[in-house]
Amino acid sequence: MTYHHGMRRFQFICIAAVVVALLFAAAGPVLIAEGSLHIANRPHADAQAAAYYARRWDAQWRDATITAPDGVRLAAWYFMPAEFNGGAVLLLHGIADTRLGVTAPAELLTRAGYAVLLPDSRGHGASGGDLVTYGLAEARDAAQWPHWLAIQSGVERTYALGESLGAAVAIQSLVFDPGFRAIVAECPFARFDEIAVYRVAQRVFGLHVFARPLVSLASLYAEERYGVNLMRISPLEALRGSHTPVLLIHGTADRNIPPSQSRELAAANRRYTELWLVPGAVHTGALAAEPGEYRSRVRDWFASH
């Protein structure tokens, strides 16, 4: 009796496991696509926060807005240092973050004499937009901001610094010829399909054999439902033919986007890229891991271009 009861229990567990696997196979791609394209937004930063940073950095500030080509309103802060050197830097934050996520490099740059522009990416903070497209729309957005900067008093040169998704977006913006003198990109991905498989595999016990078809099906769903072809996203292709100098920074302990992604980017354009691998640094953690060297490398990179 106990044997038959145990067998029935085992059969039930096996059937339940198969049912769960089938349900996940059917719903998984939809959940992946919807979760990737619709990001839980953080509250946007207010004027009180901007005023605090302006006092701290000895700078003047004001709000900035532009309208993207598809009609989405994009919002930013613009800080002008007391002693301005004529250079202005666009700072781009990562996924599920806001302009507050790049205030540390903004402080470094304003103290070095640069004006800084901190926008909320579409679908984030105070900016409009319903979908996050990992560079398909955001790269064109990033390429619009230099036009706004060019008409600001005293601005002679424009640069960009991005972290994580913001780094990938900064590189992708090069296809629209934004006129950046140089870019600093910390922890970018090289190709969206590669990093999507990597991230999904982290959630399915590291099994790429399951992750790859899930990502492919999620991409098909995103294109059919929203007209967004995620497989077209490739900072690697944008960088390959570019003449814009790009400093790639990546922590060797990054588990969100592995440093191999920056190595791949550097190999695609050795003439115009420089790669700094930061020992022990986690995702976008170079400043915390090596504050002195980070400051000098970033300042020197922009100053030399």
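Residues numbered from 1 in each chain as written. Predicted model: local features only at pLDDT ≥ 70, side-chain atom pairs only at ≥ 80, totals over all residues. Heavy atoms only, no water.

### Remarks on the environment of Val246
- Looking at the secondary structure, you find Val246 in strand β7 (residues 246-251).
- Residue classification places Val246 among the buried residues on the basis of a relative accessible area of 0%.
- Taking the C-alpha atoms as reference, Val246 lies 9.4 Å from Asn269; in sequence the two are 23 residues apart.
- Ignoring any residue separated from it by four or fewer positions in sequence, one finds Val246 in contact with Leu174, Ile183, Ala185, Leu239, Tyr272, Thr273, Glu274 and Trp301. (Helix = DSSP H or I, 4+ residues; strand = E, 2+ residues; numbered from the N terminus. Buried < 20%, exposed > 50% of the residue type's maximum accessible area, 1.4 Å probe, protein only. Contact = heavy atoms within 4.5 Å.)

### Digging into the sheet that holds strand β1 (residues 59-67)
- Taken together, the 8 strands give an open sheet; going across it, the order is β1-β2-β4-β3-β5-β6-β7-β8, and neighbouring strands pair in mixed fashion. One side of each edge strand has no neighbouring strand; the edge strands of this open sheet are β1 and β8 (273-278). When strand polarity is set aside, the average angle formed by the axes of neighbouring strands in this sheet is 20°.
- Here strand β5 (residues 157-163) runs beside strand β6 (residues 183-186); their pairing, made up of 4 bridges, is parallel. By the bridge assignment, Ala160 is partnered in β6 with Ile183.
- Strand contacts of helix α3 (residues 103-111): β2 (73-81), β3 (87-92), β4 (115-119) and β5, with the helix running at about 165° to β4, the strand carrying the most contacts.
- Lying on the sheet, helix α4 (residues 138-150) is in contact with β1, β2, β3, β4 and β5; it crosses β1 at an angle near 125°. (Pairing = 2+ DSSP bridges. Axes fitted to C-alpha atoms, helices over the stretch in contact; angles between N-to-C directions.)

### A closer look at the nonpolar core
- Core analysis: the biggest nonpolar cluster contains 60 residues, and Leu117 and Trp145 have the highest contact counts within it.
- Among the nonpolar cores identified, the runner-up in size contains 32 residues, and Ala54, Trp57, Leu91 and Ala182 belong to it. (Core = buried A, V, L, I, M, F, W, Y, C linked by side-chain atoms within 4.5 Å.)

### With respect to the layout of surface pockets
- One number sums up the size of the largest pocket: a volume of about 790 Å³.
- Taken together, 36 residues line the largest pocket, and the ones lying closest to its centre are Ser36, Ile95, Tyr134, Arg199 and Arg203.
- Residue assignment for the lining of the largest pocket shows that the elements contributing at least two residues are α1 (2-37), α6 (192-203) and α7 (208-226).
- Counting residues per element, the lining of the largest pocket draws most heavily on α1, at 7 residues.
- When grouped by side-chain class, the residues that make up the lining of the largest pocket number 21 nonpolar, 11 polar and 4 charged. (1 Å grid on protein atoms, 1.4 Å probe; cavity = no way out; pocket = protein on both sides within 12 Å on 5 of 7 lines; lining within 4 Å. Points joined across faces, edges and corners; volume = space filled by probe spheres on them. Nonpolar A, V, L, I, M, F, W, Y, C, P; charged D, E, K, R; others polar.)

### Topic: the environment of Thr110
- Examined against the element boundaries, Thr110 turns out to sit in helix α3.
- Through-space distance from the C-alpha of Thr110 to that of Ala54 is 9.7 Å; in sequence the pair is 56 residues apart.
- With residues near it in sequence (within four places) discarded, Thr110 still touches Trp57, Phe79, Pro81 and Val116.
- From its side chain, Thr110 meets the backbone oxygen of Glu107 in a polar contact 3.1 Å long. (Polar contact = N/O pair within 3.5 Å; in protein donor to acceptor, adjacent residues only side chain to side chain.)

### Some details on empty space enclosed by the protein
- Across all of its chains, the model carries 1 cavity of 30 Å³ or more by this definition.
- Volume-wise, the largest cavity comes out at about 140 Å³.
- In terms of lining, the largest cavity is formed by 14 residues, of which the most central are Leu92, Ser121, Arg122, Glu138 and Val169.
- Elements with a contribution of two residues or more to the lining of the largest cavity: α4 and α5 (165-172).
- Per-element accounting of the lining of the largest cavity gives the leading share, 4 residues, to α4.

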